[in-house]
Amino acid sequence: MHIFHSIRFNLVLLAVLGILPMLVIFILIGIERRANEIEHAEHTAFRLAESYAFTENQELKRIKTVLANLSQSPVVQSLDEAACNELFRKYLQANPTYANFAMMDTKGFAMSSALPFKKPKDLSNRKEVKGALATGLFSIGEVSIGRVSKLQILPVAYPVRNDRGELISVLIAALKLQGLETLFQHTNLPSGSFVGLIDHRGNRLFRYPLDGRKIGTPIPATIFKRITEIKKSGMFSAMSGGGVDMVFAVRRLAGSNDQDPYLDIIVGMPREVLIEEVDDDTFSYIVLSGVAFVFSICLALLIGHSLIHTKMLDLVAVTERLKLGDLKARSELSYSTGEFGQLSHSINSMADALEKEVETNAKAEQEVQDLRNYLSNIIDSMPSVIIGVTSDGVVTQWNLKAENDLGLSKDDVLGKRIEEVSPCLAAEMEKVRVAIHSRTVQAENKHVRIENGETIYEDITVYPLIANGVQGAVIRIDDVTDRANLEHMLVQSEKMMSVGGLAAGMAHEINNPLSGILGNVYNLNKRLLTAMDSNRQAANECGIELEQVQKYLEKRKIPKMIEAIRDSGSRAASIVNNMLSFSRKSNKKMEPFHLPFLMDKTLELVANDYDLKKWYDFKQIEIVREYEEDMPNVLCEGNEMQQVFLNLFKNGAEAMVEKDYGMESPRFYCRIYRQANMAVMEIEDNGPGIDESTVARVFEPFYTTKAVGKGTGLGLSVSYFIITDQHKGIMSVESSVGKGTKFTIKIPLQV
């Protein structure tokens, strides 16, 4: 049984035992990945369906709010058909996602519409109209083709009540469904997957990607039956109409909990595609493991046959060298059994005995020198500046990082006092003395140093050293500029995100009562200050003259008060719009614009701004244009970019009023150029500048240095949001007190 003590046999056995578990593990991993991939795909489909449902519900909430505001409009309350037609046309132009706005009387006949229609037009048999008339609440209809718009729409209805709560009419809005294709086409679905919409009868309303099937045709009955068994949302597996095993995620949409679903969102993914890649990977792993298994056995046999046998002969040669007096011969094997056991024991015993007899002081000194070189290499390899000093400030250590950063070689500084070497390090001697005296580490985080006009942040740490009667310290300096800048960016980003959510909630809560205030102010002005027949009749019935009432109101300055209320309301509405713009992503279309054209157009606008002219003449400010020639067009939202430029020009102009220029004149420097793959825009003024504390907060929402009533603190924060969030760019500010301020904007050349 000597074969079991053979090294070649043991090597082959180890190779087999090492590869077999790996084969088993690869098979188990493949099975688990297969199950996980299917589960992941199901969750992905379910999340997609929920996401699309959320988007649809948000749109319904929005249209409900729009109709509620319309119902309180004086034009709608007065049932003025011609005025309503004009109002609805304006709303339709401002809301391209809607197909039409209309109003009908309580008997179901159309009165007004944004689109032309022929009277009489009976709408009483439509689902949304029946629901609104029966319940007096917001009601959702059935997906259909609009009679006037000829588009695929989802109609909704909202009741209109007068001041006494009586139902006087019903507002109708039609939401386009064609816009869903834009939402779905950005979805990254596996091959063969689809997203579809069906109505409550099982008819196909929409499918992405398109497959040639006609809209309005029913889906397979077996699949529709499974869908109707789901109450709100769920998943199931079934064969598609084309005979493909699919995983379906369904989300059913209903107007409220007590209504039947009016629309179903379906996400389908082919099961075979989901697991095909996992099965291929698992098979590849098994094949590779098999090849490795065969290769390992062959390698083990080769090693056992040639390399191991050769080493045995070498061991014999080592023992012969030791016998002849070659004290440097060594056996590096540690086996205690088998073929190498006896030889390894003999070599190690002889080497240890002979080595103890011939050790010399020279070898010990060499080991010490090697250790010193090793420690020196470690210190030079550190990414921090390492400086060793005595308690008197004499430099004893100066690593490679210190040479590179401070520009002084080790030979030039060792043995000199630190004040002579670098005046900027002289201030650290106080920390050295405190560290040595208290035997505690002294640290200063984010020490600020200005180098070549740039701010450098450094962590400076002093470690006390007390050994062998020699007192000293180690100064460690780490450049943390990138980390400090990153922390500042993260803090700014967190502020923007948290305030964005708060702004959205506040804006929505303020918007409804604000609409009521402005509507009632409009009615007060109309009923008190206009010579309408109805106003004159009411005054006569009360025994007074309308002109006397208006004269009294003028005497008491009531019209000015009403105008002040309307101005304040309009200002509040502007603040709400800014807050909403700050809190939500833009869905506006990006188009190529010539940035110099946009900046010049903005300069023309700001030069004619009435609010600016009240305080000073913008045309007195000198404009210096530095535009790069052949600047390419950049994808952006033109109005929003002009809003950003306008905010910067107005803020700069307002600041320049506060500075006495003497012989100099106020000036804007406008620069546009390319930098790598970014378009760079700079707006620089020679105004009074901004102090460091204000620069750190200049993009914070609601932060302003203006007097109360002259600024909301949203201009620059909204501009920052437009550039960083909606245009995926960068916006920064540099300022020097007394010299001016420069805002830099960078957006990608290709979006």
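Above this text sits the structure in question.
Because the structure is predicted, anything quoted here is derived from the model rather than measured.

Draft legend 1. Molecular detail of the overall build of the protein chain. On a plain count of helices and strands, the protein chain comes out with 22 helices and 23 strands. Residues classed as buried in the protein chain amount to 37% of the 751 residues present. For the protein chain, the accessible area works out to roughly 43,800 Å², and carbon and sulfur atoms hold 55% of it.

Draft legend 2. Structural context of the nonpolar core. Core analysis: the largest hydrophobic core is formed by 44 residues, its most contacted members being Leu67, Phe88 and Phe101. Among the elements that make up this core, the one with the highest residue count is helix 1 (residues 7–71) (9 residues). Other than its neighbours up to four places away in sequence, phenylalanine 101 contacts Val66, Leu67, Leu70, Phe88, Tyr91, Leu92, Ser113, Ala114, Ile172 and Ala173. Ranked by size, the runner-up nonpolar core spans 38 residues in total, among them Met599, Phe645, Tyr661 and Met681.

Draft legend 3. Main features of the side chain of serine 113. Along the polypeptide, serine 113 turns up in strand 2 (residues 110–113). A distance of 3.0 Å separates the side chain of serine 113 from the side chain of asparagine 100, its partner in a polar contact.

Draft legend 4. Region of interest: the packing of aromatic side chains. Counted by the stated rule, this structure contains 4 aromatic pairs. For the ring pair phenylalanine 236 and phenylalanine 248, a centre distance of 5.3 Å and an interplane angle of 25° mean the geometry is stacked. Of this pair, phenylalanine 236 sits in strand 9 (residues 233–239) while phenylalanine 248 sits in strand 10 (residues 245–253), and the two are 12 residues apart along the sequence. A residue is classified by how much of its surface remains accessible, and phenylalanine 248, at 2% relative accessible area, is buried. Seen in terms of ring centroids, phenylalanine 649 and phenylalanine 668 are 5.2 Å apart; in terms of plane orientation they differ by 80°. Their pairing is edge-to-face. Of this pair, phenylalanine 649 sits in helix 20 (residues 638–656) while phenylalanine 668 sits in strand 20 (residues 667–675), and the two are 19 residues apart along the sequence. Taking relative accessible area as the criterion, phenylalanine 649 reaches 0% and is therefore assigned buried. We classify phenylalanine 668 as buried; its relative accessible area is 0%. Taken together, the ring pairs in this structure connect Tyr91, Tyr98 and Phe101 into an aromatic cluster.

Draft legend 5. Layout of helix 16 (residues 546–555). Buried within helix 16 we find Leu546, Gln550 and Leu553. When helix 16 is viewed along its axis, its buried side chains cluster within an angular range of 55° and face the same direction. Opposite the buried face of helix 16, at more than 90 degrees from it, the exposed residues are Gln548, Lys551, Tyr552 and Lys555. Looking one or two places after helix 16, you find lysine 557, whose phi comes out positive at around 60°.

Draft legend 6. Region of interest: the packing of helix 18 (residues 595–607) against helix 20. Running from amino to carboxyl end, helix 18 crosses helix 20 at an angle of 55°, the nearest separation of the two axes being 9 Å. For the element pair helix 18 / helix 20, the angle class is oblique. The two elements helix 18 and helix 20 cross, and the hand of that crossing is right-handed. Of the residues in helix 20, those touching helix 18 at Leu598, Met599, Lys601, Thr602, Leu603, Leu605 and Val606 are Gly638, Met641, Gln642, Phe645, Leu646, Phe649 and Lys650. Partitioning the contact of helix 18 with helix 20 into residue classes produces 9 nonpolar, 3 polar and 2 charged.

Draft legend 7. Local environment of the pattern of salt bridges. Within the structure shown, the criterion is met by 13 salt bridges. Note that glutamate 229 and lysine 225 form a salt bridge whose closest N and O atoms lie 3.0 Å from each other. For glutamate 229, a relative accessible area of 51% puts it in the exposed group. Within this structure, Glu626, Arg671, Glu682 and Glu684 form a network of salt bridges that share partners.

Draft legend 8. Molecular detail of unusual backbone geometry. Unlike most non-glycine residues, alanine 676 shows phi in positive territory, near 60°. Along the polypeptide, alanine 676 turns up in the loop between strand 20 and strand 21 (678–685). On the basis of relative accessible area, alanine 676 is assigned to the exposed category, the value being 77%. The phi angle at lysine 728 is positive, at roughly 55°, despite the residue not being glycine.

Draft legend 9. Highlighting the sheet that holds strand 9. Ordered by their spatial adjacency, 5 strands build an open sheet running 8-7-11-10-9, and the pairing between neighbours is antiparallel. Two strands in the sheet have a free side with no partner beyond their single neighbour: strand 8 (204–208) and strand 9. Averaged over all neighbouring strand pairs, the angle between strand axes comes to 20°, with direction disregarded. Of the pairings in the sheet, the one linking strand 7 (residues 194–199) to strand 8 comprises 4 bridges and is antiparallel in character. Among the inter-strand pairings, leucine 197 is bridged to a residue of strand 8, identified as phenylalanine 206. Most of the contacts of helix 6 (residues 221–228) go to strand 9, to which it runs at about 160°, and overall it touches strand 7, strand 9, strand 10 and strand 11 (263–270).

Draft legend 10. Region of the structure containing a nonpolar patch on the surface. Residues Leu371, Tyr374, Leu375, Ile378 and Met382 make up a contiguous nonpolar surface patch of about 470 Å² in total accessible area. Looking at where leucine 371 falls in the secondary structure, it is placed in helix 9 (residues 361–381). Taking relative accessible area as the criterion, leucine 371 reaches 49% and is therefore assigned partly exposed.

Draft legend 11. Up close: the sheet that holds strand 18 (residues 622–627). One open sheet holds the 5 strands; their spatial order is 18-20-21-23-22, and the pairing between them is mixed. Of all strands in the sheet, those with a lone pairing partner are strand 18 and strand 22 (730–736), marking the two edges. Between one strand and the next, the sheet's axes are offset by a mean angle of 15°, whatever the strand orientation. Pairing between strand 20 and strand 21: 8 bridges, direction antiparallel. Its bridge partner lying in strand 21, isoleucine 672 is registered against methionine 681. Across the sheet, helix 18 touches strand 18, strand 20 and strand 21, and the angle it forms with strand 18 is around 175°. Relative to strand 21, helix 20 is tilted by about 20°, and along the sheet it contacts strand 20, strand 21, strand 22 and strand 23 (740–748).

Draft legend 12. Local environment of the environment of glutamate 664. As for its position among the elements, glutamate 664 is in the loop between helix 20 and strand 20. At a separation of 3.1 Å, a polar atom in the side chain of glutamate 664 contacts the side chain of asparagine 686.

Draft legend 13. Spotlight on the pairing of strand 7. Here strand 7 lies mainly inside the structure; 6 of its 6 residues are buried. Burial along strand 7 is two-sided: Phe194, Gly196 and Ile198 and Val195, Leu197 and Asp199, pointing in opposite directions, are all buried. As defined by bridge partners, strand 7 adjoins strand 11 across 6 bridges and the pair is classed as antiparallel. Residue pairing in the sheet places phenylalanine 194 in a bridge with glycine 268 of strand 11. Joining the antiparallel neighbours strand 7 and strand 8 is a turn of 4 residues, in which glycine 202 adopts a positive phi near 90°.

Parameters at a glance
Residues numbered from 1 in each chain as written. Predicted model: local features only at pLDDT ≥ 70, side-chain atom pairs only at ≥ 80, totals over all residues. Heavy atoms only, no water. Helix = DSSP H or I, 4+ residues; strand = E, 2+ residues; numbered from the N terminus. Buried < 20%, exposed > 50% of the residue type's maximum accessible area, 1.4 Å probe, protein only. Areas by Shrake-Rupley, 256 points an atom, 1.4 Å probe, with all protein chains shown as cover. Core = buried A, V, L, I, M, F, W, Y, C linked by side-chain atoms within 4.5 Å. Contact = heavy atoms within 4.5 Å. Polar contact = N/O pair within 3.5 Å; in protein donor to acceptor, adjacent residues only side chain to side chain. Phe/Tyr/Trp six-rings, centres within 6.5 Å; stacked < 30°, edge-to-face > 60°. Arc of directions from axis to C-beta. Axes fitted to C-alpha atoms, helices over the stretch in contact; angles between N-to-C directions. Parallel < 35°, antiparallel > 145°, perpendicular 65-115°, else oblique. Left-handed = near helix turned anticlockwise from the far one by under 90°. Nonpolar A, V, L, I, M, F, W, Y, C, P; charged D, E, K, R; others polar. Salt bridge = Lys/Arg side-chain N within 4 Å of Asp/Glu carboxyl O. Pairing = 2+ DSSP bridges. Patch = residues over 30% accessible without salt bridge, like charges linked within 9 Å, V, L, I, M, F, W, Y side chains within 5 Å.

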